[in-house]
Amino acid sequence: RAHSAAKKKLMVVQSVLSENAPAEFYASLSKAMADYLADKCNISAASATGDRIGPLLRLQGVNEDIVTEITHFFGDLDYRRFSKDAGTGEEMHHSLDLAEQLITKLERQLS
């Protein structure tokens, strides 16, 4: 269920992308990823943050490279959300694509 719910949430994030509102886009993308990870790891969404999710994923046997990618991804999302450097439309598209790729990689590791 986590995968199908994540796909639906990423579709909502895609619509926010078209509004060209970077802060809202990155907040929505961060929430979608946190919700996915929370569902997948059976934890609260508040616990699915970049610094907390790494150890949980390691315990579940996720490859270290993927854990590092996810940690960096959350760091980048936080940077974009809370700095004046919101990034370009191209960077937002890249972030959305990366989220989809990370979800696919996690599905292979955690299924």
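Source: prediction; values computed, not measured.

Trainee: Could you give me a rundown of the packing of helix α4 (residues 64-82) against helix α5 (residues 89-110), with the residues and numbers involved?
Mentor: α5 packs onto α4 with a crossing angle of 150 degrees between their chain directions and a minimal axis gap of 11 Å. Taken as axis vectors, α4 and α5 run roughly antiparallel relative to one another. Judged by the twist between their axes, the crossing of α4 over α5 is left-handed. For the pair formed by α4 and α5, the contact residues are Ile-66, Glu-69, Ile-70, Phe-73, Asp-76 and Arg-80 on the first element and Glu-91, Ser-95, Leu-98, Ala-99, Leu-102, Lys-105, Leu-106 and Gln-109 on the second.

Trainee: Before we move on, can you summarise the confidence of the model for the chain with the specific residues and values?
Mentor: Of the residues in the chain, 100% reach a pLDDT of 70 or more, and the chain-wide mean stands at 91. Confidence scores differ between elements of the chain, with helix α3 (residues 50-59) showing the lowest mean pLDDT of 89 and α5 the highest of 94.

Trainee: Which residues make up the packing of aromatic side chains, and what values go with them?
Mentor: Both the distance between ring centres and the angle between the ring planes are used here to describe each pair of aromatic rings. The full count for this structure, using the stated rule, is two aromatic pairs. Plain terms: the ring middles of Phe-25 and Tyr-26 are 5.0 Å apart, the flat faces sit at 75 degrees to each other, and that makes the pair edge-to-face. The exposure classification of Phe-25 matches that of Tyr-26, with both residues buried. Between Phe-73 and Phe-74, the ring centres sit 6.3 Å apart and the planes meet at 75 degrees, which makes this aromatic pair edge-to-face. The burial state of Phe-73 is the same as that of Phe-74; both residues are buried.

Criteria and cut-off values
- Residues numbered from 1 in each chain as written.
- Predicted model: local features only at pLDDT ≥ 70, side-chain atom pairs only at ≥ 80, totals over all residues.
- Heavy atoms only, no water.
- Axes fitted to C-alpha atoms, helices over the stretch in contact; angles between N-to-C directions.
- Helix = DSSP H or I, 4+ residues; strand = E, 2+ residues; numbered from the N terminus.
- Parallel < 35°, antiparallel > 145°, perpendicular 65-115°, else oblique.
- Left-handed = near helix turned anticlockwise from the far one by under 90°.
- Contact = heavy atoms within 4.5 Å.
- pLDDT = per-residue confidence, 0-100.
- Phe/Tyr/Trp six-rings, centres within 6.5 Å; stacked < 30°, edge-to-face > 60°.
- Buried < 20%, exposed > 50% of the residue type's maximum accessible area, 1.4 Å probe, protein only.

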